[in-house]
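Each chain, letter by letter, is given below.
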Amino acid sequence: MSLRAGLMDDGTMTTPTPDVLAALRSLRQSRRFLSTPVDDKDLQQLLEVARWTGSAKNTQPWHLVVVTDPETNRALAGCGDFAGFLEGVTASIVVAVEGESRAVAYDDGRLQERVMLAAASLGIGSGTAWFSTGESRQRVRDLLGLPEKLDPWSAIGLGYTDVSQAQAAPQLSGRKPLEEISSWGRYGQPAPPTAL
Ligand SMILES: Cc1cc2nc3c(=O)[nH]c(=O)nc-3n(C[C@H](O)[C@H](O)[C@H](O)COP(=O)(O)O)c2cc1C
């Protein structure tokens, strides 16, 4: 199956894959994991998916560091106020980017989401962690020996989700209703009956 949908060489359209839609709707952040390790081959596959992420002007402004050492993941968990759940991951991929523009932040986000979806397709749970202060990013840089030009803004925590535990506080899950976050044609106009 290819996700490049459209007209094929033989003149037919690619087949719709509604199961992909359902899977996309169901992706959620995992924060509690089992101790079962993630296979190195799976991690390598995730890197390969990450490599194909699109970026502004195809700059690919990133370097990814895979961390499977529990002590290092524990240390990453202590970098900043939001990365605490990395303490329980069996692997993480730290995403270090070059540049500070909006485009670079956007590219980072695209890569994160793509890796999270790829992980889910392998049965692996994942979650984003942000190192949101300069000080926390310097600690990550020191920990991983990253050069000064690379800024480790985020990491993807990975592991097999411990479904017996809550993954998020209630205020961190659920979504606003579609009517609140979207309009058709003009701000404030609802979806037409043909869309419902
Ligand atoms: C840009 C960005 C940064 C995030 N940073 C963190 C973080 O540092 N720590 C964390 O636990 N979750 C982080 N998250 C995850 C969000 O909290 C999560 O996607 C949101 O609460 C929805 O949760 P759900 O996917 O479980 O429904 C981040 C998500 C995004 C998109």
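The coordinates are above.
Keep in mind that what you see is a predicted model, and the values were worked out from it rather than measured.

Caption draft 1: Structural detail: unusual backbone geometry. Even without being glycine, asparagine 58 reaches a positive phi, approximately 55°. Relative to the elements of secondary structure, asparagine 58 occurs in the loop between helix H2 (40-51) and strand E1 (62-67). Positive phi, normally seen in glycine, also occurs at glutamine 60, with a value near 50°. Tracing the backbone shows glutamine 60 in the loop between H2 and E1.

Caption draft 2: Seen up close, the packing of helix H3 (residues 70-77) against helix H5 (residues 134-144). Close contact between H3 and H5 brings their axes to 10 Å; oriented N to C, the two are set at 165°. Here H3 is positioned roughly antiparallel relative to H5, judged by the angle of their axes. Of the two possible hands of crossing, H3 and H5 adopt the one that is right-handed. In contact with Thr72, Ala75 and Leu76 of H3, H5 contributes Val140, Leu143 and Leu144. Taken together, the residues of the contact of H3 with H5 break down into 5 nonpolar, 1 polar and no charged.

Caption draft 3: Local environment of the side chain of threonine 90. Counting through the fold element by element, threonine 90 comes out in the loop between H3 and strand E2 (91-97). Since its relative accessible area comes to 14%, threonine 90 is described here as buried. If near-sequence neighbours (up to four positions away) are discounted, threonine 90 is found in contact with Leu34, Ser35, Thr36, Pro37, Val38, Val67, Thr68, Asn73, Leu158 and Gly159.

Caption draft 4: Spatial organisation of the site of the ligand. Around the ligand, a shell composed of Arg28, Gln29, Arg31, Phe82, Phe85, Thr128, Ala129, Trp130, Leu172 and Arg175 is seen. Between a nitrogen atom of the ligand and a main-chain N or O atom of threonine 128, the distance comes to 3.2 Å. One nitrogen or oxygen atom from the main chain of tryptophan 130 is found 2.7 Å from an oxygen atom belonging to the ligand. For the ligand, whose free accessible area comes to 630 Å², the fraction covered by protein is 67%. Judged by the proximity of its atoms to the pocket grid, the ligand belongs to the second largest pocket. Here the shell around the ligand is composed, by residue class, of 5 nonpolar, 2 polar and 3 charged.

Caption draft 5: Representation of the layout of surface pockets in the model. Empty space within the largest pocket amounts to approximately 530 Å³. Lining of the largest pocket is provided by 16 residues; of these, Leu3, Val20, Leu24, Leu117 and Ala118 occupy positions nearest its centre. Within the residue set of the lining of the largest pocket, elements represented by two or more residues are helix H1 (18-26) and helix H4 (102-121). A per-element tally of the lining of the largest pocket places H4 first, with 7 residues. Here the residues of the lining of the largest pocket sort into 10 nonpolar, 2 polar and 4 charged. Roughly 290 Å³ of internal volume is contained in the second largest pocket. Lining the second largest pocket we find 13 residues, and of these Arg28, Gln29, Arg31, Leu172 and Arg175 sit closest to its centre.

The rules behind these values
- Residues numbered from 1 in each chain as written.
- Predicted model: local features only at pLDDT ≥ 70, side-chain atom pairs only at ≥ 80, totals over all residues.
- Heavy atoms only, no water.
- Helix = DSSP H or I, 4+ residues; strand = E, 2+ residues; numbered from the N terminus.
- Axes fitted to C-alpha atoms, helices over the stretch in contact; angles between N-to-C directions.
- Parallel < 35°, antiparallel > 145°, perpendicular 65-115°, else oblique.
- Left-handed = near helix turned anticlockwise from the far one by under 90°.
- Contact = heavy atoms within 4.5 Å.
- Nonpolar A, V, L, I, M, F, W, Y, C, P; charged D, E, K, R; others polar.
- Buried < 20%, exposed > 50% of the residue type's maximum accessible area, 1.4 Å probe, protein only.
- Near = heavy atom within 4 Å.
- Polar contact = N/O pair within 3.5 Å; in protein donor to acceptor, adjacent residues only side chain to side chain.
- Areas by Shrake-Rupley, 256 points an atom, 1.4 Å probe, with all protein chains shown as cover.
- 1 Å grid on protein atoms, 1.4 Å probe; cavity = no way out; pocket = protein on both sides within 12 Å on 5 of 7 lines; lining within 4 Å.
- Sits in = over half its atoms within 2 Å of the grid points.
- Points joined across faces, edges and corners; volume = space filled by probe spheres on them.

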